[in-house]
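# Per-entry structural report
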Amino acid sequence: MANIVTSACCVVLAAVVVVYAQRRSQQGARIQYEKIGSDVTMQCGTLGSEASVTWKVNGTDVENRREDDGPRLALKQVDLSVNGLYSCFQNPTGELKDQIILRVGNPPKEPIVTCRSNTYPKGFYCSWHLPHPTYIPTEFEVSVRHGLQDLQVQKDPIHKNRCHVKLPEIFSNNKYRVNVTATNALGNASGFLAFDEISIVKPDPPEKVVANPIPGNPRKLEVTWNSPSTWPDVETFPLKYFLRYRPLILDTWQHMELSDSTSYTITDAYAGKEYIIQVAAKDTEIGTWSDWSVAIHATPWIEEPKQIIITTTTEADENETTPSQASPSAKPQVGDTLGSSSAALTLSANLFITCIIVLII
Amino acid sequence: MRLSLGQAPLALLSVFASLTGVTSAPFRFHPDFDVLVNHAQALLKESKQALHLLKKVSSLEGEHKLESLPVLAASATDMSNIQVKATLSKLLSDLRAYEKHIEWVKATSEKHHHVQLPKMHAVLSRLQNFAGSLEHQIVKLGLVPPKSPSPALPPLNSNTWSVIQASHAILQNLRLFSDWAVRALLALTGKV
């Protein structure tokens, strides 16, 4: 056991040392960015064309290098596999003369921009992505205009490719124009989106969706939910809802659109079947439907099976009349009480009639 | 002190009133926001349909502006701090302005026989009903209705292209305006 721990420690330590060594060796190295598919030439410092050098990539000699390249290293139609730390050493002294970190990639294409308001009428956010990877660091710059006014853009603290904008006014006929420019060492490109505020309104899905069986109703389920907590003013900007439900065993959904209500009772459920239920929300007038809420499962009320007591009458049983043998359910107990009281009543009536006869006599 | 036969019921009434406080509080009229919301919703529906049909018969790309249209500059904060008197007054004033614009565009289109403006008459009718009802409520509130605006409309002999552009601009703005009207009236309903 101790040997395993020691070995593991050694491996981790070795890895740390290697990483540290690589970092140290990369310090002072310059980065050269090149486009995928291009022919690349790396120059060893300022050495003249007559100089003889040895090139290494990540510490290993570069193969198939032409001797007449002098201090230069030429690579044809590069791809991602050539990425690495290139070092050149002057011959014959072996003195390190230059270090280049080669990073190949692509210039950015036009970013694809989408905007959405899940907090209408307070604000909206825009997200963007590149249609193709660049493989090298790429920065984005975002500008948003409303009519002729430049709007303040706030970067999202979590999502790298997202920003937030406050709506300066609502019910406006002026379009919003979002411009996202992607820039890296190999080039830049801009993506553009223009929209009316009403087209980007899309609430988050309803929250806390709960479905409960209704006792005594084997075909009903009572579904309740909350409006999305991100929707700021549900009074002035009311939401309508769309409910869908289906038994787990079927593929066909049943739908119900509800205006301004956060509950619904399903009345046509199949008795005893487990249901899957989801709700979506939309502003009553503008925008689009939210995504579906997290699916919840519920089964309508099921009548508990009545307890059936199977008794086999034997002589021993007839003799044993202890209370513990009595049925635990209420109904039989009610029946027993009635039976004893009716017997008592009969006895009293008999006594009463007897007394009257005696008196008459 | 003796009360005549005619005075007795009045005296009883005043005693009842003083006991129940019926007449002690001044009478306050509350506008019937449900009626107004219904009017606004009907106008919204009509203007949406008219815009949809107009886009079908004369699809125009881009933005269409008409400087004479009422300006609606609301923000989220404005909606939460909305006031009854100012909002009803703004509503009526803008409704009257839209009414004049639609009357103008209808009259102009009649000069250009090949210009189709579907449902414009229905929109105008909804608009007038809404404005009439709103004015009635404003008067009952004891307020003075705003003066009817006089937008600077282009001359009636505008060309066909201008009429179509103006129709798009009017209906796009009216659609936004009636959406605002519905929400503003709903917000006011919660305040009364």
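Nothing here was measured: the structure is a model prediction, and the numbers come from that model. (Residues numbered from 1 in each chain as written. Chains lettered and ligands numbered in written order. Predicted model: local features only at pLDDT ≥ 70, side-chain atom pairs only at ≥ 80, totals over all residues. Heavy atoms only, no water.)

### Section: the overall build of chain B
To keep things clear, this is the line we draw: Numbering of helices and strands starts at the N terminus; helices are DSSP runs of H or I of at least 4 residues and strands are runs of E of at least 2. In this scheme, a residue with accessible area under 20% of its type's maximum is buried, one over 50% is exposed, and one in between is partly exposed, where area comes from a 1.4 Å probe on protein chains only. In this description, contact between two residues means that some pair of their heavy atoms is separated by no more than 4.5 Å. All accessible-area figures derive from a Shrake-Rupley calculation using a 1.4 Å probe, and residue coverage is judged against the displayed protein chains alone.
On a plain count of helices and strands, chain B comes out with 6 helices and 0 strands. Along chain B, from the amino end to the carboxyl end, the secondary structure elements read α-α-α-α-α-α. The buried share of chain B, reckoned over its 192 residues, is 44%. Of the contacts made within chain B by residues no fewer than 6 positions apart, 92% connect residues no fewer than 24 positions apart. Summing over all exposed atoms, chain B offers an accessible surface of approximately 10500 Å²; the carbon and sulfur share of this is 57%.

### Let's talk about the sheet that holds strand β17 (residues 217-226) of chain A
Residue and element names in this part refer to chain A. Our working definition: Only strands that DSSP links by at least two bridges are regarded as paired with each other. Axis lines are fitted through C-alpha atoms, for helices just across the contact stretch, and the angle between N-to-C directions can take any value from 0 to 180 degrees.
With antiparallel pairing, 3 strands are arranged side by side in an open sheet as β16-β17-β20. A strand with exactly one partner marks an edge of an open sheet, and here the two such strands are β16 (207-214) and β20 (263-266). If you compare each strand with its neighbour and ignore which way they point, the axes differ by 15° on average. One ladder, built from 4 bridges, connects β17 with β20; its direction is antiparallel. Counted as the bridge partner of Thr 224 is Ser 263 from β20.

### Points about the pattern of salt bridges
What counts, and what does not: Salt bridge, as used here, is a side-chain nitrogen of Lys or Arg placed within 4 Å of a carboxyl oxygen of Asp or Glu.
One pass over the full model with this rule turns up 16 salt bridges over all chains. A salt bridge links Lys 97 of chain A to Glu 95 of chain A; the nearest nitrogen and oxygen atoms lie 3.8 Å apart. Residue Glu 95 of chain A is classed as partly exposed on the basis of its relative accessible area, which comes to 42%. A salt bridge links Lys 240 of chain A to Glu 257 of chain A, with the shortest nitrogen-to-oxygen separation between them at 3.4 Å. A residue pair is termed long-range when its members are at least 10 positions apart, and Lys 240 of chain A in strand β18 (residues 239-247) and Glu 257 of chain A in strand β19 (residues 254-259) qualify at 17 residues. Take Glu 257 of chain A: its relative accessible area is 45%, and that puts it in the partly exposed class. It is possible to trace a salt-bridge network through shared partners that takes in Asp 283 of chain A together with Asp 179 and Arg 183 of chain B.

### Comments concerning the packing of helix α2 (residues 33-57) of chain B against helix α5 (residues 120-140) of chain B
Residue and element names in this part refer to chain B. Which entries qualify depends on this criterion: Any angle from 65 to 115 degrees is called roughly perpendicular, while one under 35 is roughly parallel, one over 145 is roughly antiparallel, and all others are oblique. Left-handed describes a crossing in which the near helix is turned anticlockwise from the far one by less than a right angle; the clockwise case is right-handed. Residue polarity is assigned by list, with Asp, Glu, Lys and Arg as charged and Ala, Val, Leu, Ile, Met, Phe, Trp, Tyr, Cys and Pro as nonpolar; anything else, Gly included, falls into the polar class.
Between α2 and α5, the shortest axis-to-axis distance is 9 Å and the interhelical angle comes to 160°. Taken together, α2 and α5 sit at an angle that is classed as roughly antiparallel. Classified by chirality, the crossing of α5 by α2 is left-handed. In this structure, α2 contributes Val 35, Leu 36, His 39, Ala 40, Ala 42, Leu 43, Glu 46, Ser 47 and Ala 50 to the contact, and α5 contributes Ala 122, Val 123, Arg 126, Leu 127, Asn 129, Phe 130, Ser 133, Leu 134 and Gln 137. Here the contact of α2 with α5 is built from residues that sort into 11 nonpolar, 5 polar and 2 charged.

### Comments concerning the sheet that holds strand β3 (residues 53-57) of chain A
With mixed pairing, 5 strands are arranged side by side in an open sheet as β1-β7-β6-β3-β4 (chain A). Each edge of the sheet is formed by a strand with only one pairing partner; in this case those strands are β1 (30-35) and β4 (60-61) of chain A.

### Describing the interface of chain B and chain A
We count it as follows: Each of two parts loses accessible area, computed with a 1.4 Å probe, when they are put together; buried area is these two losses added. Identification of polar contacts relies on pairs of N or O atoms within 3.5 Å, with a donor-acceptor requirement for protein atoms, meaning one able to donate a hydrogen and the other able to accept it, and with residues adjacent in sequence counted only if both atoms are side-chain atoms.
Listed as interface residues are 20 residues of chain B and, on the opposing side, 18 residues of chain A. Each partner contributes to the roughly 1700 Å² buried at the junction of chain B and chain A, and carbon and sulfur atoms together form 54% of this total. If you look at where chain B meets chain A, you find 2 salt bridges. A salt bridge links Arg 183 of chain B to Asp 283 of chain A, with the shortest nitrogen-to-oxygen separation between them at 2.6 Å. Seen at the junction of chain B and chain A, the total is 3 residue pairs in polar contact (both at pLDDT 80 or more). Counting only elements with at least two residues in the side of chain B that touches chain A, the list comes to α2, α3 (76-80) and α6 (160-189) of chain B. Ranked by the residues each element gives to the side of chain B that touches chain A, the list is headed by α6 of chain B, at 9 residues.

### So, α2 of chain B
Residues and elements named next belong to chain B. Rules: The length a helix should cover is 1.5 Å for every residue beyond the first.
Compared with the 36 Å implied by 1.5 Å per residue over 25 residues, the 36 Å span of α2 between its first and last C-alpha is a close match. Within α2, burial applies to Phe 33, Leu 36, Val 37, Ala 40, Ala 42, Leu 43, Leu 44, Glu 46, Ser 47, Ala 50, Leu 51 and Leu 54. In this structure, the buried residues of α2 make contact with α4 (84-111), α5 and α6.

### Comments concerning the state of the cysteines
All names here are of chain A. The following threshold applies: In this description, a disulfide is simply a cysteine sulfur pair whose atoms lie within 2.5 Å.
Under the criterion given, the structure shown has 2 disulfides over all chains. Disulfide pairing places Cys 44 opposite Cys 88 at an S-S distance of 1.9 Å. Taking the sign of the S-S torsion, 80° for the link of Cys 44 and Cys 88, the bridge is right-handed. Pair noted here: Cys 44 is in the loop between β2 (40-43) and β3 and Cys 88 is in strand β6 (residues 84-90), with a separation of 44 residues, a long-range link. In this model, Cys 115 is linked to Cys 126 through a disulfide, with the two sulfur atoms separated by 2.0 Å. Torsion about the S-S bond of the Cys 115 and Cys 126 cystine: about 105°, corresponding to right-handed handedness. Taken together, the residues Cys 115 in strand β8 (residues 112-119) and Cys 126 in strand β9 (residues 123-129) connect sequence positions 11 residues apart. With respect to class, Cys 115 is no different from Cys 126; both count as buried.

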